[in-house]
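# Chains, contacts and geometry: an overview
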Amino acid sequence: MSVSKLAEFGTRHVAKGIGRLSNEVIESGSGSYVTMTGGRKYLDFTCGIGVTNLGHCHPAVTKAAQSQVGKLVHGQINIAFQKPYLELVEQMLPLMPHKSLDTFFFWNSGAEAVEAAIKLARHATKKQNVIVMQGSYHGRTFGTMAMTRSKTVYGENFAPLMPGVFSVPFPYCKQCSISHSTEGKFNYDNCCMDPIRQLEILLKQETAPSDTAALILEPVLGEGGYVPPPPGYLDKLRDICDKNNILLICDEVQCGYGRTGKMFAVEHWGVRPDILVMAKGIANGFPLSAIASRKELMDMQKPGSMGGTYAGNAVSCAAGVAVAKTFKEEKILDNVNARGKELRATLDAAWKDEKTKHIIYDVRGLGLMLALECTPGKGYASKIQAKCMEKDMLVLTTSIYDTLRLIPPLNISKEDMAKGCQILKEAIEEVAA
Ligand code: PMP
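Quick notes on the rules
- Residues numbered from 1 in each chain as written.
- Predicted model: local features only at pLDDT ≥ 70, side-chain atom pairs only at ≥ 80, totals over all residues.
- Near = placed C-beta within 6 Å.
- Helix = DSSP H or I, 4+ residues; strand = E, 2+ residues; numbered from the N terminus.
- Nonpolar A, V, L, I, M, F, W, Y, C, P; charged D, E, K, R; others polar.
- Pairing = 2+ DSSP bridges.
- Core = buried A, V, L, I, M, F, W, Y, C linked by C-beta atoms within 7 Å.
- Buried ≥ 20, exposed ≤ 12 C-beta atoms within 10 Å, placed from the backbone.
- Domains from an automatic or database assignment.
- Contact = placed C-beta atoms within 7 Å.
- Axes fitted to C-alpha atoms, helices over the stretch in contact; angles between N-to-C directions.
- Parallel < 35°, antiparallel > 145°, perpendicular 65-115°, else oblique.
- Left-handed = near helix turned anticlockwise from the far one by under 90°.

Another point: the site of the ligand. What surrounds the ligand is a group of 15 residues, the closest being S109, G110, A111, V253 and Q254. Counting residues per element, the shell around the ligand draws most heavily on helix 5 (residues 110-125), which supplies three residues. When grouped by side-chain class, the residues that make up the shell around the ligand number six nonpolar, six polar and three charged.

Bringing the sheet that holds strand 13 (residues 393-394) into the picture now. Ordered in space as 1-2-3-13, the four strands form an open sheet in which the pairing is mixed. What marks the edges here is a single partner per strand, and that holds for strand 1 (26-30) and strand 13. Across four bridges, strand 1 lies against strand 2 (residues 33-36) in antiparallel orientation. Considered in strand 2, the bridge of S28 is made with T35.

Looking now at the nonpolar core. In terms of nonpolar packing, the biggest core is built from 125 residues, with A117, V277 and I291 touching the most fellow members. If one sorts the elements of this core by residue count, helix 10 (residues 314-329) sits on top with 10 residues. Residue-level mapping places this core at the junction of two domains, with at least three residues from each of domain 1 (3-54 + 331-432) and domain 2 (62-329). Discounting residues that sit within four places of it in the chain, I291 has contacts with F105, A113, A116, A117, L120, I275, L276 and V277.

Within the secondary structure, L372 sits in strand 12 (residues 369-374). C-alpha separation for the pair L372 and A124, spaced 248 residues apart in sequence, amounts to 40 Å. Once residues within four sequence positions are removed from consideration, L372 is found in contact with L347, I360, V363, T403 and L404.

Glancing now at the packing of helix 12 (residues 380-390) against helix 13 (residues 414-432). In the contact formed by helix 12 and helix 13, the axes pass within 9 Å of each other and the chain directions differ by 130°. In terms of axis orientation, helix 12 runs oblique to helix 13. Handedness of the helix 12/helix 13 crossing: right-handed. Counting all contacts with helix 12, which are made through Y380, K383, I384, K387 and C388, the residues of helix 13 involved are I423, L424, A427, I428, E430 and V431. When its residues are assigned to classes, the contact of helix 12 with helix 13 shows eight nonpolar, no polar and three charged.

Next up on the list: the sheet that holds strand 8 (residues 247-251). Within the open sheet, the seven strands sit side by side as 4-10-9-8-7-5-6. Their pairing is mixed. Looking at strand neighbours, the two that pair on one side only are strand 4 (103-107) and strand 6 (165-168), the edges of this open sheet. Ignoring which end each strand starts from, the neighbouring axes of this sheet average 20° apart. Inspection of the sheet shows strand 8 paired to strand 9 (residues 275-278) by three bridges, in the parallel sense. Bridged to I249 within strand 9 is I275.

Here the focus is the pairing of strand 4. By the criterion of burial, strand 4 is predominantly enclosed, with four of the five residues buried. Two strands pair when backbone bridges link them, and strand 4 and strand 10 (residues 289-293) are joined in this way by five bridges, in the antiparallel orientation. Note that in strand 10 the partner of F106 across the bridge is A290.

Written out as structure tokens, the structure is:
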């Protein structure tokens, strides 16, 4: 089929509900690039939405998966252990942000892992309700749709969803001109979102602590706009959870596994989650998600109450082992911090530049999880995205705000980052002109 026929066929026969940035067909991927059928090559600053974080088809990951395919594809974890599963646990244990997170459970997708975390929290606390953040994204299953508050499209016309979900504001305090840096002071009394007081009120007015099993949040808000919290915020949440016997679940599906420059985003603030949720980058594109928690919580569940036919697939786990080893061998976090500074400098320069500053509202983020929010109301972010595509670079937008999100591979080379920064600079200038 010709390229145009393929696009036509896909548009006709693939469900519209999925939504797409482009009707092209991705033929192959290598490192920081994808190549389309027909030969067009793009610099990929999307990583398949934060998944192929070690670049497309990283040789070590490909090798590990290929070798596992020849040994065992599907062992099924409700039947017996399988070696790559246990090896992955061994690799992940020292990476955990707190030593109490010592017991694991693998699944396929982020949403499934979030649901597993909620099942665990309900079972362990014998309570039902869940508190989420405004702007959060946790998935598209019935449970996670109920917990997702980033855009109405994810829940619209799909009700009734899981009951017992309450939301509080996440401190997106640009309005208060308060820095989102990890240093400095944050004055909660002057913050327009009043996030901590709102939570305290919620626990008095809407969901009593004795009914509330868990508070779940993305430590850096993802689909809601790439918003890091202000200093001290997560500590305050931890305190409130401890006082009220509520479990703190950190959904690090998007912000975890090196994306923010530390292995897990919570490490920026030294806060201990009761349950940690991971997915996306952990197997660099193979379907795999995980939760980690402490043994006494996990062991409260009855054997057979958790599991899934494909959960913790052997090939995905083997890929995951290679990912974890590559993080160490290639010093990935060092690269995230070095390249992150370069990308951030490009965005900050555009924000200061007389020619372009009128289209930029905010620059924020950590490591290689960066956002450029545009001046509202003009659709600038989508225009910049389109300009980048014209210049052979893929970038994503996010949230209800006019925001461009930048998530290049964590191992992107200095040269490719320089190229990406130049394309972005030109795209921003052309849109601003
Ligand atoms: N949690 C977060 C923070 C996410 O970003 C996502 C995916 N964007 C999910 C959960 C859901 O993951 P999945 O699409 O694999 O179900």
